[in-house]
Amino acid sequence: MARNHPDCPFERYSDDVVVHCVNCRQAEVVLADIAKRMGEVGLSLHPEKTRVVYCKDGKRRGQAEHTSFTFLGYQFRARSAMSKDGKLFSRFLPAMSPVALKARSAELRHMRIHRRTNLTLQDLARWLNPIVAGWMNFYGRFYRSAMEPLLVRVNAYLRRWAKKKYKRLRTAKAFVPWWRGLIDRQPRLFAQWRWTRGCDWAC
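Bear in mind the structure is a predicted one, so any value in this text is a computation, not a measurement. (Residues numbered from 1 in each chain as written. Predicted model: local features only at pLDDT ≥ 70, side-chain atom pairs only at ≥ 80, totals over all residues. Heavy atoms only, no water.)

Participant: I'd like to hear about the pairing of strand 1 (residues 10-13), residue by residue, with values.
Facilitator: The sheet contact formed by strand 1 and strand 2 (residues 16-19) spans 4 bridges and is antiparallel. Its bridge partner being in strand 2, Arg12 is matched across the sheet by Val17. (Pairing = 2+ DSSP bridges. Helix = DSSP H or I, 4+ residues; strand = E, 2+ residues; numbered from the N terminus.)

Next up, the structure:
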């Protein structure tokens, strides 16, 4: 890349690479050169994952087969953004990918939070916070609203935990004031409460 395409910035992590080109023609030339170079060292590009992507947004109105891509757990595509003067516009931006959201949700499910009734609230927070904060620090760097369903799900598991540990909290009428009172008293008890304190009350 440095020798043949010094004008094309690129990022690489392990065997995942994103190359930035100014137009489709340049992208196709670079892709062919990379494929040739990989062949010289006995490697090949993944036929399904390798593609030329048009970074379409509100200013780029052309058409292309692919207008999004995923890199390191982020999906890059056109998204709504707000300017400093409060106007909405479309930008090509990253956010937690649907695949990453599904994987973290599965991980959360396998943690069986609602069954850890042997733990106190403080113990539960000490166990959960490093995990949830890690997700927030990684996936929440851009367009954090994309990971809100995951954080709401954490809160939903906490409700299931409370219902199992304390019989008096098994109804929404009893749980809601307890939940809100807990947040008022200890607003930083759980990491996700920095961004969302919502819960699926029907869980």
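Still to come is the rest of the account.
Participant: Explain the packing of aromatic side chains to me, using residue names and the numbers behind them.
Facilitator: Scanning all chains against the criterion turns up 12 aromatic pairs. Geometrically, the ring pair formed by Trp161 and Tyr166 is edge-to-face, given 6.0 Å between the ring centres and 85° between the ring planes. Its relative accessible area of 28% is what places Tyr166 among the partly exposed residues. Pairing Phe175 with Trp179 gives two aromatic rings, centres 5.4 Å apart and planes at 35°, and the pair type is tilted. Here Trp179 and Phe175 lie together in helix 5 (residues 172-185), a separation of 4 residues that amounts to about one turn. Exposure remark for Trp179: the relative accessible area of 2% places this residue in the buried category. Ring-pair connections join several aromatic residues into one group, and the members of that group are Trp161, Tyr166, Phe175, Trp178, Trp179, Phe190 and Trp193. Looking at Arg79, its charged tip hangs above the ring of Tyr143, at a distance of 5.4 Å from the centre. A cation over an aromatic ring shows up here: Arg168 above the ring of Tyr166, its NZ or CZ 5.8 Å from the ring centre. (Phe/Tyr/Trp six-rings, centres within 6.5 Å; stacked < 30°, edge-to-face > 60°. Buried < 20%, exposed > 50% of the residue type's maximum accessible area, 1.4 Å probe, protein only. Lys NZ or Arg CZ within 6 Å of the ring centre and 35° of its normal.)

Participant: Describe in detail the pattern of salt bridges, supporting the description with residues and values.
Facilitator: Summed over the entire model, instances satisfying the criterion amount to 4 salt bridges. The partner of Arg104 in a salt bridge is Glu107, with the nearest N and O atoms 3.0 Å apart. With a gap of 3 residues between them, Arg104 and Glu107 both fall in helix 2 (residues 98-110), about one helical turn apart. (Salt bridge = Lys/Arg side-chain N within 4 Å of Asp/Glu carboxyl O.)

Participant: Outline the environment of Ser44, listing residues and values.
Facilitator: Within the secondary structure, Ser44 sits in the loop between helix 1 (24-40) and strand 3 (69-71). Looking at Ser44, the relative accessible area reads 67%, which means it is exposed. Distance in space between the C-alpha atoms of Ser44 and Ile34 is 9.3 Å, their sequence separation being 10 residues.

Participant: Could you give an account of the packing of helix 2 against helix 4 (residues 148-165), with specific residues and numbers?
Facilitator: One can describe the packing of helix 2 onto helix 4 by two numbers: an axis separation of 10 Å at closest approach and a directional angle of 10°. Between helix 2 and helix 4, the crossing angle belongs to the class labelled roughly parallel. Contacts from Leu101, Arg104, Ser105, Leu108 and Arg109 in helix 2 reach Leu150, Arg153, Val154 and Tyr157 in helix 4. Residue composition of the contact of helix 2 with helix 4, by class: 5 nonpolar, 1 polar and 3 charged. (Axes fitted to C-alpha atoms, helices over the stretch in contact; angles between N-to-C directions. Parallel < 35°, antiparallel > 145°, perpendicular 65-115°, else oblique. Contact = heavy atoms within 4.5 Å. Nonpolar A, V, L, I, M, F, W, Y, C, P; charged D, E, K, R; others polar.)

Participant: Outline a nonpolar patch on the surface, supporting the account with residue identities and numerical values.
Facilitator: Taken together, the side chains of Tyr13, Leu72 and Phe138 define a hydrophobic patch exposed on the protein surface, amounting to about 310 Å² of accessible area. Within the fold, Phe138 resides in helix 3 (residues 121-139). (Patch = residues over 30% accessible without salt bridge, like charges linked within 9 Å, V, L, I, M, F, W, Y side chains within 5 Å. Areas by Shrake-Rupley, 256 points an atom, 1.4 Å probe, with all protein chains shown as cover.)

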